[in-house]
Amino acid sequence: MNTQPATCKGCPLYGVGHGFVPDEERPSQIAVLGYMPSKDDVQGRHLVGYAGPKQPLYETTSPHPFIGKEGWLLENTYLPAAGLSRKDVSLHHVLKCYVPGHLPEDTRIAAEYHCVSKHLNISDESKVLITIGDGPWKLLQGPDLPLQNWRGFCGPKPLANGKCHVYATADLSSLYTDPHLRFITRLDWKKTRQVREGSFPLEIPPQCVASPSTRGQFIRLLEEALCQPEIMVDTE
C-alpha cells in the first residue's frame with residue numbers, strides 16, 4: 001500500500017484509510033467524480049482484460065483513479081458511449097484513500113470536507129461534472145435530491161457560477177450486482193453528449209396563461225404546437 005501525504009494530516013481517516021490515490025487532472029471540459037478509490041486503485045492493480053469468465057488480468061502500476069473493475073467498465077463501456085476516452089476527461093474521487101466498511105456519519109462528513117478542501121481541484125474549463133454514485137451527488141446537490149430520481153439528469157445546483165453542469169449517473173460497482181442497470185446507465189452516459197453540446201437541458205419555454213387578454217398569444221402558441229411532432233399536456 002502507498003502512504004498518505006502530509007496534506008492528509010487533520011483528516012479523521014489519516015492513519016486509518018489505506019493508501020492515497022491522487023486525481024488524474026487534465027484541462028478538460030469533462031470531469032468525472034467518484035466517491036472513494038477502490039482497493040485496486042490504491043494498490044496500483046490495473047485491470048487490463050479477462051482471460052475468461054471471472055478471470056481478470058492485472059498489470060502493476062502506480063495508484064491511479066478508476067483502474068480496477070469499476071474503471072474497466074468506465075473506460076471500455078461508458079466513456080465510449082459518451083464519445084469519450086480516458087484521455088479526454090479529468091478523473092477524481094471525493095476521498096483519496098480506501099476505507100473498507102461503513103464510515104460513521106460524523107467521520108464521513110469531516111473526511112469529505114478535508115479531502116475536498118485539500119485535494120479536489122476541478123478544472124475551470126470543465127463544463128460538465130459527471131458524478132458516479134450517491135456520495136458525490138449528495139455532496140454537491142444535497143441530501144434531499146435522491147440519485148434514483150435524478151440519474152441521467154443535471155442537478156439544479158451547477159458549479160462555477162452556473163458554467164458547469166452536475167450530471168448524475170449510477171454507481172459503477174452496483175452494475176456488477178444489478179446487470180439490468182447497465183443498459184440504462186449506458187443511455188445516461190450517451191446523453192452526456194447533449195449536455196456537452198448545450199442541447200440538454202433546454203431552457204423552460206415561456207409560459208402563457210389563457211385569458212381574454214392573452215387570446216392572441218395563446219392562439220399563436222397553439223398554432224406552433226400543431227407543428228410539433230409531440231405535445232405534452234398537463235391538465236391539472
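We now turn to the structure provided with this report.

Re the pattern of salt bridges
Part 1: Counted according to the given criterion, the structure contains 10 salt bridges.
Part 2: Between Arg 108 and Glu 112 there is a salt bridge, with its nearest N and O atoms 3.2 Å apart. With a gap of 4 residues between them, Arg 108 and Glu 112 both fall in helix 3 (residues 105-119), about one helical turn apart.
Part 3: Exposure remark for Arg 108: the relative accessible area of 28% places this residue in the partly exposed category.
Part 4: Via salt bridges that share partners, Glu 24, Arg 26, Glu 75 and Arg 86 belong to a single interconnected network.

With respect to the side chain of Ser 126
Part 1: With respect to the helices and strands, the residue Ser 126 is situated in the loop between helix 3 and strand 5 (128-132).
Part 2: A distance of 3.2 Å separates the side chain of Ser 126 from the backbone oxygen of Ser 28, its partner in a polar contact.
Part 3: Contact partners of Ser 126, with chain neighbours within four places excluded, come to Ser 28, Gln 29, Ala 31, Lys 163 and Cys 164.

Comments concerning the packing of helix 2 (residues 69-81) against helix 6 (residues 180-197)
Part 1: Two numbers describe how helix 2 lies on helix 6: the axes approach to 6 Å, and their chain directions differ by 50°. In terms of axis orientation, helix 2 runs oblique to helix 6. Where helix 2 approaches helix 6, its residues Leu 74, Thr 77, Tyr 78, Leu 79, Pro 80 and Ala 81 are matched on the opposing element by Arg 182, Thr 185, Arg 186, Trp 189, Lys 190 and Arg 193.
Part 2: Grouping the amino acids of the contact of helix 2 with helix 6 by side-chain chemistry returns 6 nonpolar, 2 polar and 4 charged.

Definitions and limits used
- Residues numbered from 1 in each chain as written.
- Predicted model: local features only at pLDDT ≥ 70, side-chain atom pairs only at ≥ 80, totals over all residues.
- Heavy atoms only, no water.
- Salt bridge = Lys/Arg side-chain N within 4 Å of Asp/Glu carboxyl O.
- Helix = DSSP H or I, 4+ residues; strand = E, 2+ residues; numbered from the N terminus.
- Buried < 20%, exposed > 50% of the residue type's maximum accessible area, 1.4 Å probe, protein only.
- Polar contact = N/O pair within 3.5 Å; in protein donor to acceptor, adjacent residues only side chain to side chain.
- Contact = heavy atoms within 4.5 Å.
- Axes fitted to C-alpha atoms, helices over the stretch in contact; angles between N-to-C directions.
- Parallel < 35°, antiparallel > 145°, perpendicular 65-115°, else oblique.
- Nonpolar A, V, L, I, M, F, W, Y, C, P; charged D, E, K, R; others polar.

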